[in-house]
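Topology and contacts: notes
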Amino acid sequence: MGYIKKILGVSVGGVTCASLFLAYDIQQHRVYDASEQTFSQAARHYMVVRSLSLMGSLSRARLERATQDVKTAQREFLLNQLEANIGTQYNIDMGLDKVKTVKDFLTLHPLTRYSDYSRYVSRMLSSEKNVLMPEDPAVFAVTSGTSGNSNIVPMAHRQTKLFFLEGISVLYKCMIDAFPNTKLLSKDFKIFFSPNWRYTVDGIPIGPNSASPDRSRDLLHLYTTPEAAYGVKSEPEALYLYLLFALKDQHVGMVEANFSSLIFHAMSTLESKLPQIAEDIELGRVDPSLNIDPDIRAKLDSSMSPDPERAEELRQAAKGGKVKEGHTYELVITNPTCLYRYRFGDVVKVVGFYNQCPIIEFKYRKGQFLNVRGEKISEAQFYEILKGTITKIWADTRLADYCCMESVVLEGMDVPSDLKTSQPCYHVFVELETDDGSRDVRIVSKAQRKMLDDALMVHSYPYSSFRHKGSIAPIQVHVVPRGSFLALRRFMLGQPDSASNQYKVPRVLRRQEAAKFMLDKRLKQ
């Protein structure tokens, strides 16, 4: 009996300690005060996001194991899928009950298109059972029709579960690892709309398979939008309400949508609706002219209270002119030449202030990117990588000048065979000299060139991905003698459309004549 008392004592003590830690951790991650979010509401928020993170860790581990033996993972999935649906009409028609190996499957089952399944889907829509799957689908998903006609695809409950566990939770865990502040209990600005569902005679919904408020009831408390607003079916009115409550919330965490186009549309709407939104926040009401159901309006109005201070913050932010130190901006100018809100093309970084005027550091010109596969490495990023690599290679050598080009510039040109590659690549021309400027550096070894390519892969994931897939060839480094860039300047100024007052070293060569000039300058290695 004494042992039982000791065990119970330890158990109770352990539970008490765990509860205390849990309460402490919840409190540490709260961003709203008690009037905005009760402790029980914060606890509910905490449990959802932590559970999602834990599921993401487990699913990520399973994914990692699967990537180590892809053939086995695919074989097991295929055979389990066939076994789970062994008695369905489709499996019988196709003779899939005879499949024992992947080879059997490839022999028996041809490549298919939607037309091969449409008659089976029609039978399911007519409430026939055990056609493509043994159970009723969770939803008959209507595709967007981007590449043609919309199709209706029955989505199994297992598919929906896998999408959440193996997809969403993994992405969420990766996001937390990359952006730790995601763990804070901030509500998110979620942009999704309630579709106009159709239903089969059995009551199974027919509509888009993407996330919607109707199918996310248990998660709506995570978002800035009150649940009542998701009952608005008209998209313009719904989006206005989403923006209103997102801007009302000073602690909004992230903007979330199924597609980036939805976010772009929301931001475009915000530009025109901000004055009205600020007025609603100031007065603590929903715009009276908004065409929404009176019952929904009453619920939304009850969640509003006048907040003139927040409204003024939004109005001041909308006036523009405010920049932050350490942030990067594209210059937009209005000048006496009658260019209005003109995108000048220069990207600058604010490094400080003189009185109220920002002190800026030029970073790069828009369009001064290296981009052969969609990876987009900016002039500023490339320069920092190049300079850092040179510092690692030599203690007493500096970069005197440089420029780059994409291999596509060489197309149609008569160039030596060593410049020709089966895949696109970058070329960089470098003029190197010792720190005291007494002599130039004329030799760069193969290993040293590889260091630059490796550094690009470290600092640019897209570049690294394309390099590992073999879609981009290694960077080619060309050393040019001292004075080459002064000669390039003279050469470029000799072109009909050049002016000495406006000349800048072109960091990314786009013209074949300039590329040929620099190639002719390169030193043999």
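Residues numbered from 1 in each chain as written. Predicted model: local features only at pLDDT ≥ 70, side-chain atom pairs only at ≥ 80, totals over all residues. Heavy atoms only, no water.

The name given to the protein chain in an unreviewed UniProt entry is GH3 domain-containing protein, and the organism recorded there is Elysia marginata.

What to know about the overall build of the protein chain
Across its full length, the protein chain carries 16 helices and 16 strands. Here the C-alpha atoms of the protein chain give a radius of gyration of 31 Å, more than 25% beyond the 24 Å that 2.2 N^0.38 yields for 525 residues. On the principal axes, the C-alpha backbone points of the protein chain span a range of 85 × 70 × 70 Å. Per-residue burial over the protein chain gives 37% buried out of 525 residues. Contacts in the protein chain between residues far apart in sequence, at least 24 positions, make up 61% of those at least 6 positions apart. Of the roughly 31500 Å² of accessible surface on the protein chain, 56% is carried by carbon and sulfur atoms. Charge centroids of the protein chain, computed over 67 positive and 60 negative side chains, lie 5 Å from each other. (Helix = DSSP H or I, 4+ residues; strand = E, 2+ residues; numbered from the N terminus. Rg over C-alpha atoms; globule rule 2.2 N^0.38 Å. Buried < 20%, exposed > 50% of the residue type's maximum accessible area, 1.4 Å probe, protein only. Contact = heavy atoms within 4.5 Å. Areas by Shrake-Rupley, 256 points an atom, 1.4 Å probe, with all protein chains shown as cover. Lys, Arg positive; Asp, Glu negative; His and termini not counted. Charge placed at Lys NZ, Arg CZ, Asp CG, Glu CD.)

Remarks on the environment of glycine 494
Among the structural elements, glycine 494 can be located in the loop between α15 (484–493) and β16 (508–509). Expressed as a C-alpha distance, the spacing of glycine 494 and tryptophan 394, which sit 100 residues apart in the sequence, is 36 Å.

Observations regarding the nonpolar core
Among the nonpolar cores identified, the biggest contains 42 residues, and Leu241, Leu244, Ile277 and Leu300 are the most heavily contacted of them. Sorting the residues of this core by element identifies α2 (39–68), α7 (157–178), β3 (189–191), α8 (235–248), α9 (260–283), α10 (294–302) and α11 (308–319) as the ones contributing at least two each. When residues of this core are assigned to their parent elements, the largest contribution, 10 residues, is made by α8. Sequence-distant contacts of leucine 241, defined by excluding residues within four places in its chain, comprise Ala229, Val232, Val286, Leu290, Ile292 and Leu300. Core analysis: the second largest hydrophobic core is formed by 30 residues, Val372, Ile377, Val444 and Val479 among them. (Core = buried A, V, L, I, M, F, W, Y, C linked by side-chain atoms within 4.5 Å.)

Structural notes on the sheet that holds strand β9 (residues 357–365)
Within the open sheet, the 3 strands sit side by side as β7-β8-β9. Their pairing is antiparallel. Of all the strands in the sheet, just β7 (328–335) and β9 have a single pairing partner and so form its edges. When strand polarity is set aside, the average angle formed by the axes of neighbouring strands in this sheet is 55 degrees. When β7 meets strand β8 (residues 339–354), the two strands line up antiparallel, connected through 6 bridges. Bridge pairing links tyrosine 329 to valine 348 in β8. (Pairing = 2+ DSSP bridges. Axes fitted to C-alpha atoms, helices over the stretch in contact; angles between N-to-C directions.)

Things to note about the sheet that holds strand β2 (residues 152–155)
On the basis of which strands lie adjacent, the open sheet formed by 4 strands has the order β2-β1-β5-β4 and mixed pairing. Pairing within the sheet leaves two strands with one partner each, and these edge strands are β2 and β4 (198–199). Taken together, the 2 bridges between β4 and strand β5 (residues 205–207) define a ladder with antiparallel strand orientation. Residue tyrosine 199 lies in a different strand from β5, and its bridge partner there is proline 205. Running at roughly 65 degrees to β2, helix α6 (residues 118–125) makes contact with β1 (139–142), β2 and β5 of the sheet.

So, the packing of aromatic side chains
Throughout the structure, instances matching the rule amount to 10 aromatic pairs. Consider the rings of phenylalanine 193 and tyrosine 242, whose centres lie 5.4 Å apart with planes at 25 degrees: the pair is stacked. Note that phenylalanine 193 is positioned in the loop between β3 and β4 and tyrosine 242 in helix α8, a separation of 49 residues in sequence. The two residues phenylalanine 193 and tyrosine 242 agree in class, both being buried. Both rings, one in tyrosine 230 and one in tyrosine 242, keep their centres 5.2 Å apart while their planes meet at 55 degrees; by these two values the pair is tilted. With tyrosine 230 in the loop between β5 and α8 and tyrosine 242 in helix α8, this pair connects stretches of sequence that are 12 residues apart. Of the two residues, tyrosine 230 and tyrosine 242, neither departs from the other in class, the shared state being buried. One aromatic cluster is present, built from ring pairs that chain together Phe192, Phe193, Tyr223, Tyr230 and Tyr242. Directly above the aromatic system of phenylalanine 192 lies the positively charged group of lysine 190, at a separation of 4.8 Å from the ring centroid. (Phe/Tyr/Trp six-rings, centres within 6.5 Å; stacked < 30°, edge-to-face > 60°. Lys NZ or Arg CZ within 6 Å of the ring centre and 35° of its normal.)

Quick word on the pattern of salt bridges
Here the structure, examined in full by the defined rule, presents 23 salt bridges. A salt bridge links aspartate 202 to lysine 129, with the nearest nitrogen and oxygen atoms 2.8 Å apart. Of the two residues, aspartate 202 sits in the loop between β4 and β5 while lysine 129 sits in the loop between α6 and β1, which places them 73 residues apart along the sequence. The salt bridge partner of glutamate 282 is arginine 315, with a shortest N-O separation of 2.8 Å. Of this pair, glutamate 282 sits in helix α9 while arginine 315 sits in helix α11, and the two are 33 residues apart along the sequence. Among the residues examined, arginine 315 registers a relative accessible area of 28% and is labelled partly exposed. Counted as one network, the salt bridges with shared partners bring together Lys129, Asp136 and Asp202. (Salt bridge = Lys/Arg side-chain N within 4 Å of Asp/Glu carboxyl O.)

With respect to a nonpolar patch on the surface
A cluster of nonpolar side chains, namely Phe163, Phe164, Ile168 and Leu171, defines an oily patch on the protein surface of about 390 Å² accessible area. Examined against the element boundaries, isoleucine 168 turns out to sit in helix α7. For isoleucine 168, a relative accessible area of 33% translates into the label partly exposed. (Patch = residues over 30% accessible without salt bridge, like charges linked within 9 Å, V, L, I, M, F, W, Y side chains within 5 Å.)

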